[in-house]
Amino acid sequence: MKTTHDRQQAAPGALTAFARFTLLGGTVGLASSLTVAALATQIPWGLANALVTALSTLLATELHARFSFSAGGHATWRQHTQSAGSAAAAFALTCTATLALHQLVATPGTLLQQTVYLSASALAGVARFAVLRLVVFARNHTQTPTTSPTSHRTHTGPTDTLTTMPTGPATLCQAA
């Protein structure tokens, strides 16, 4: 029987993970943009955007779990929630940068607006990559411990010895 550890691939290096993150995230982003435009012809744009954003975040999180960070399978609900939180923070950063630009420049040109937006998006993307790699899909966070040590006294003669023995089904199966 394969354990979770056996199914997990080695974690890719930071550059490989970043390249995968950028490629997968960019592809999902581009597909989402086209999908919102097409769906907005049938339903209100705001609703189309909300639906596509939710679905694309779920899809991107699954892809990042499997390929960008090789987390060993499907993303958990905790990882989906954390990923959605990081996406919301990225959205807030780009909105804040755009609002700040409009506060500082009365009528910014298209080139300046795009420069500010894309710069904020790039910064948010790098920050989101770091959060996903170091928190959401970190190796020590993807598994919950299934065992806890239990102390047992062993009578060995004149003195007693306190030993710690692992318990729990996973540990006991590994020991067999």
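On a predicted model such as this, the values are computed, not experimentally measured, just so you know.

Attention now goes to the overall build of the protein chain. Counting secondary structure elements, the protein chain contains seven helices and two strands. Counted from the first residue to the last, the protein chain has its helices and strands arranged as α-α-α-α-α-α-β-β-α. Looking at the protein chain residue by residue over its 176 residues, the buried ones come to 24%. If you take every contact in the protein chain between residues at least 6 apart in sequence, the share linking residues at least 24 apart comes to 55%. Looking at the protein chain as shown, the accessible area adds up to about 11,800 Å², and 69% of this sits on carbon and sulfur atoms.

For helix α4 (residues 77-104), built from 28 residues, the straight-helix expectation of 40 Å at 1.5 Å per residue is met to within 8% by its first-to-last C-alpha distance of 40 Å. Three or more residues of α4 are buried, namely Q79, H80, S83, S86, A90, T94 and L101.

Inspection of the secondary structure assignment puts S56 in helix α3 (residues 45-68). Polar contacts involving the side chain of S56 include one to the main-chain carbonyl oxygen of T53, which spans 3.2 Å. Once residues lying within four places of it in the same chain are set aside, the contact partners of S56 are V28 and S32.

It is at 10 Å that the axes of α3 and α4 come closest, and there the two elements cross at 120°. Between α3 and α4 lies a crossing whose hand is right-handed. Contact with α3, carried on its side by T57, L58, T61 and E62, involves Q79, H80, S83 and A84 of α4 and no other residues of that element. Counted by class, the contact of α3 with α4 contains two nonpolar, five polar and one charged residues.

Glancing now at the nonpolar core. A17, F21, A65, F69, A71, A75, F129, L132, V136 and F137 together form the largest nonpolar core, which totals ten residues. Those elements giving two or more residues to this core turn out to be α2 (14-39) and α5 (110-136). No other element matches the three residues that α5 contributes to this core. Excluding its chain neighbours within four sequence positions, the residues that come into contact with A17 are P12, S68, F69, F129 and R133.

Calculation rules
Residues numbered from 1 in each chain as written. Predicted model: local features only at pLDDT ≥ 70, side-chain atom pairs only at ≥ 80, totals over all residues. Heavy atoms only, no water. Helix = DSSP H or I, 4+ residues; strand = E, 2+ residues; numbered from the N terminus. Buried < 20%, exposed > 50% of the residue type's maximum accessible area, 1.4 Å probe, protein only. Contact = heavy atoms within 4.5 Å. Areas by Shrake-Rupley, 256 points an atom, 1.4 Å probe, with all protein chains shown as cover. Expected span 1.5 Å × (residues − 1). Polar contact = N/O pair within 3.5 Å; in protein donor to acceptor, adjacent residues only side chain to side chain. Axes fitted to C-alpha atoms, helices over the stretch in contact; angles between N-to-C directions. Left-handed = near helix turned anticlockwise from the far one by under 90°. Nonpolar A, V, L, I, M, F, W, Y, C, P; charged D, E, K, R; others polar. Core = buried A, V, L, I, M, F, W, Y, C linked by side-chain atoms within 4.5 Å.

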